[in-house]
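What follows is the residue order along each chain.
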Amino acid sequence: MIERRPYASLGAAQHGWLDAKHHFSFAEYRDAERTRWGRLRVWNDDTIAAGTGFDPHPHADMEIITYVREGAISHEDSLGNRGRTEAGDVQVMSAGSGITHSEYNREAVATRIFQIWIYPDRHGGEPAWGNKPFPKADRSGAFVALASGMDGDADALPIRADARVLGATLKAGESAGYRFGAARRGYLVLSSGEAQVNGVALQAGDGAAIAGEALIEVSASRDAELILVDTRE
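In short, a report on the structure.

Rules behind the numbers
Residues numbered from 1 in each chain as written. Predicted model: local features only at pLDDT ≥ 70, side-chain atom pairs only at ≥ 80, totals over all residues. Heavy atoms only, no water. Helix = DSSP H or I, 4+ residues; strand = E, 2+ residues; numbered from the N terminus. Contact = heavy atoms within 4.5 Å. Phe/Tyr/Trp six-rings, centres within 6.5 Å; stacked < 30°, edge-to-face > 60°. Buried < 20%, exposed > 50% of the residue type's maximum accessible area, 1.4 Å probe, protein only. Lys NZ or Arg CZ within 6 Å of the ring centre and 35° of its normal.

As a further point, take the side chain of glutamate 107. You can see glutamate 107 is positioned in the loop between strand S10 (99-104) and strand S11 (111-118). Aside from chain neighbours lying at most four places away, what touches glutamate 107 is Ala50, Gly51, Ala72 and Arg84.

Pasting the structure below:
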C-alpha cells in the first residue's frame, strides 16, 4: 500500500516568520488519520525567514532530525552545543531526559528544512546533539542513510530508535530501489522534482505513506531529491 499525500492536503500554519506544512498532526493542526506512521511522529516542511527562528524551548524523549534543504540553520542548546548546518546536511538531537534548544536562520535568505521527529526506543538518557555534512553527489542514484539507529549504518548520524532516515538524488530517467524488512513502514517525501514510487506519481512536496511493501522502486521523471524514513510499525 502506498498512499499519496499531496502537498496541498497537508496541515498549514503561517506565522509571518515561519511558513510551516505538517504531514502529521502538530500544534493547532489536528487530523485523526494523520497522527503518526509507525514510530514516526512529526514531519514538518518549514520555511524560516531570514534573521528569524525558533526561540529556546524544551524537548524530552524524542529523536529530532533536521534535514536542511536550502540555506542553513544555527543551533544552540543547554548542553553548550553550537553549530551551523548547511543545505544538504543533517543535524540530530536526541532529547533524552530533557534539553532546551534554539534554531535560528542567521542567513540573508530564507532557510527551508524538513523537521522529522521519531519516538526513541527508550525513555530518558543523556541528551545529545550532532551534525554532519552529506554531499549530494554521494547519494546520487541510490539511497544513503543520513541518521540511523539500525545495524550497518556506521556512517550515519546516530539516533536512539529502530529507524533510519535516508536521502537520494535522481536525475530524470534514473531509478533507485529500497527494500524494507518485515513489519516495517516507510514515509517518503519528494523534496524537489517529480517521481513515481511503485507507479504512484509524486510532485514536489508530496508525501507517500508506505506499508506492506517489501520493495519500492523510485523513478524520476524530472531531477528529484527525496528523503525516506524506514521505521518499525
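Here the focus is the packing of aromatic side chains. Across all of its chains, the model carries seven aromatic pairs by this definition. Residues phenylalanine 26 and tryptophan 117 carry aromatic rings whose centres are separated by 5.5 Å and whose planes lie at 80° to one another, so their mutual orientation is edge-to-face. Note that phenylalanine 26 is positioned in the loop between strand S3 (18-22) and strand S4 (40-48) and tryptophan 117 in strand S11, a separation of 91 residues in sequence. In this structure tryptophan 117 comes out as buried when scored by relative accessible area, which is 13%. A centroid spacing of 5.8 Å and a plane angle of 65° characterise the contact between phenylalanine 143 and tyrosine 178, whose relative ring orientation is edge-to-face. Residue phenylalanine 143 is found in the loop between strand S12 (128-132) and strand S13 (144-148), and its partner tyrosine 178 is found in strand S16 (residues 175-179); the two are separated by 35 residues along the sequence. This pair shows no difference in class: phenylalanine 143 is buried, exactly as tyrosine 178 is. When the ring centre of tryptophan 37 is taken as origin, the NZ or CZ atom of arginine 5, which lies over that ring, is 5.5 Å away. One residue, arginine 185, lies across the ring of tryptophan 37, its end atom 4.3 Å from the ring centre.

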